[in-house]
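# Coordinates in review
Single-letter residue listing:
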Amino acid sequence: MAELTASVYLGEGFSSPDYEPQLRDVAGRAAEATVLVAVLGGRLVGTTTLASGRTAWAEQSVTGEAVIRMLAVEPGGRGAGVGEALVRDCLERAALAGCTLVRLSSQEDMTAAHRLYERIGFTRTPSFDWSPIPGLRLRTYALPLVPWCGWCGEVLTAEGHDRCRRTADLDPPRYCAQCKRRMVVQVTPSGWTAACSEHGRRAG
Ligand SMILES: [Zn+2]
Ligand SMILES: [Zn+2]
């Protein structure tokens, strides 16, 4: 998996050698995040990482959001739906974990990946675009997994909700993200619980 990730990113000129130790650190990713692999005809052809919460791997996200990192599909797996299967598996896992939105960052020249993300339903989030190192600009995408923002009760969109995101790490959601009902919120010694009469309880 380290070899595949490094060869796709470095071998095809998408990354600087400074990034190689991180690209190869599969064990580090697996310790804090979920590392997925795609196998085609008995051969490893793709891998990606899904990070949720506020781990070091979940760049630019807040509580309740997940981030897809380091999607790599080797040339032999392209055109076979490998990248799409990996991304869709990430979306399912993020939804099951209770995440409301999935983010990702991608380099400007990874145009095949951009088409894939847009086909799946991700939209551009220019206000989140960023530079991890000088000279490298990353374009960002996001896909809401639920219809409503838990903090303001408005439609959850890929961009915006800045105030909601700022309080997401501290305050419990007031609205159910699935049905927009008011949650019954209780503050506990260790955090909070928020319950929807229809969709159950969340804790933070
Ligand atoms: Zn909001
Ligand atoms: Zn609900």
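Values in this document were obtained by computation on a predicted structure and should not be read as measured data. (Residues numbered from 1 in each chain as written. Chains lettered and ligands numbered in written order. Predicted model: local features only at pLDDT ≥ 70, side-chain atom pairs only at ≥ 80, totals over all residues. Heavy atoms only, no water.)

## A few points about the side chain of Thr5
Residue position: Thr5 is located in helix H1 (residues 2–11). Among all residues touching Thr5, those that are not within four sequence positions of it are Leu23, Arg29, Thr47, Met70 and Ala72. (Helix = DSSP H or I, 4+ residues; strand = E, 2+ residues; numbered from the N terminus. Contact = heavy atoms within 4.5 Å.)

## Description of the sheet that holds strand E8 (residues 184–188)
If you walk across this open sheet you meet the 3 strands as E8-E9-E10, and the pairing is antiparallel. Each edge of the open sheet carries a strand with a single partner, namely E8 and strand E10 (200–203). Strand-to-strand twist of the sheet, defined as the mean angle between neighbouring strand axes without regard to direction, takes the value 20°. In the sheet, strand E9 (residues 191–196) pairs with E10 via 4 bridges, with the strands oriented antiparallel. Residue pairing for E10: Ala194 is matched across the bridge by Arg202. (Pairing = 2+ DSSP bridges. Axes fitted to C-alpha atoms, helices over the stretch in contact; angles between N-to-C directions.)

## So, a nonpolar patch on the surface
A cluster of nonpolar side chains, Met1, Val37, Val39 and Leu44, forms an exposed patch at the surface whose accessible area comes to about 300 Å². Residue placement: Val39 occurs in strand E1 (residues 34–40). Judged by its relative accessible area of 56%, Val39 is exposed. (Patch = residues over 30% accessible without salt bridge, like charges linked within 9 Å, V, L, I, M, F, W, Y side chains within 5 Å. Areas by Shrake-Rupley, 256 points an atom, 1.4 Å probe, with all protein chains shown as cover. Salt bridge = Lys/Arg side-chain N within 4 Å of Asp/Glu carboxyl O. Buried < 20%, exposed > 50% of the residue type's maximum accessible area, 1.4 Å probe, protein only.)

## Focus: the nonpolar core
Residues Ile68, Val87, Tyr117 and Phe122 are the most contacted members of the largest nonpolar core, which totals 36 residues. Secondary-structure elements contributing two or more residues to this core are H1, E1, strand E2 (43–52), strand E3 (65–73), helix H4 (82–96), strand E4 (101–107), helix H5 (111–120) and strand E7 (136–144). Excluding residues within four positions of it along the chain, Ile68 makes contact with Thr48, Thr49, Leu50, Val87, Cys90, Val102, Arg103, Leu104 and Phe122. In this structure, Leu101, Ala142, Val146 and Trp151 belong to the second largest nonpolar core, which totals 11 residues. (Core = buried A, V, L, I, M, F, W, Y, C linked by side-chain atoms within 4.5 Å.)

## Considering the pattern of salt bridges
Under the criterion given, the structure shown has 10 salt bridges. Arg24 is paired through a salt bridge with Glu3; the nearest N and O atoms lie 3.2 Å apart. Highlighted residues: Arg24 in helix H2 (residues 20–24) and Glu3 in helix H1, separated in sequence by 21 residues. The class for Arg24 is partly exposed, based on a relative accessible area of 32%. One salt bridge in this structure joins Arg119 and Glu84, with 3.1 Å as the shortest N-O distance. Pair noted here: Arg119 is in helix H5 and Glu84 is in helix H4, with a separation of 35 residues, a long-range link. Judged by relative accessible area, Glu84 falls into the partly exposed class, the value being 21%. Overlapping salt bridges, with partners in common, bring together Glu3, Glu20 and Arg24 in one network.

## Examining the packing of aromatic side chains
Scanning all chains against the criterion turns up 2 aromatic pairs. Taking 5.9 Å as the distance between ring centres and 65° as the angle between the ring planes, the aromatic pair formed by Tyr117 and Phe122 counts as edge-to-face. Owing to a relative accessible area of 3%, Phe122 belongs among the buried residues under this scheme. Their ring planes at 55° and their centres at 5.7 Å tell us that Tyr117 and Tyr141 sit as a pair that is tilted. Highlighted residues: Tyr117 in helix H5 and Tyr141 in strand E7, separated in sequence by 24 residues. (Phe/Tyr/Trp six-rings, centres within 6.5 Å; stacked < 30°, edge-to-face > 60°.)

## Considering H4
Spanning 15 residues, H4 covers 21 Å between terminal C-alpha atoms, matching the ideal 21 Å at 1.5 Å per step. Within H4, the full set of buried residues consists of Val82, Gly83, Leu86, Val87, Cys90, Leu91 and Ala94. Those residues of H4 that are buried lie in contact with E1, E2, E3, E4, H5 and E7. Directly after H4, the chain includes Gly98, whose backbone phi takes a positive value near 85°. (Expected span 1.5 Å × (residues − 1).)

## A word on the coordination of the zinc ion (ligand 2)
Protein coordination of the zinc ion (ligand 2) is provided by Cys176 (SG), Cys179 (SG), Cys196 (SG) and His199 (ND1), with donor distances spanning 2.1 to 2.3 Å. Metal-centred angles of 104 to 115° between the 4 donor atoms at the zinc ion (ligand 2) mark the site as tetrahedral. If you list the donors of the zinc ion (ligand 2) from N- to C-terminus, the spacing comes out as C-x2-C-x16-C-x2-H. Of this pair, Cys176 sits in the loop between helix H6 (162–167) and E8 while His199 is found in the loop between E9 and E10, placing the two residues 23 residues apart along the sequence. (Donors = N, O, S within 2.8 Å, 3.2 Å for Na, K, Ca; no water. Tetrahedral: all angles 85-135°; square planar, octahedral: opposite > 155°, others 65-115°.)

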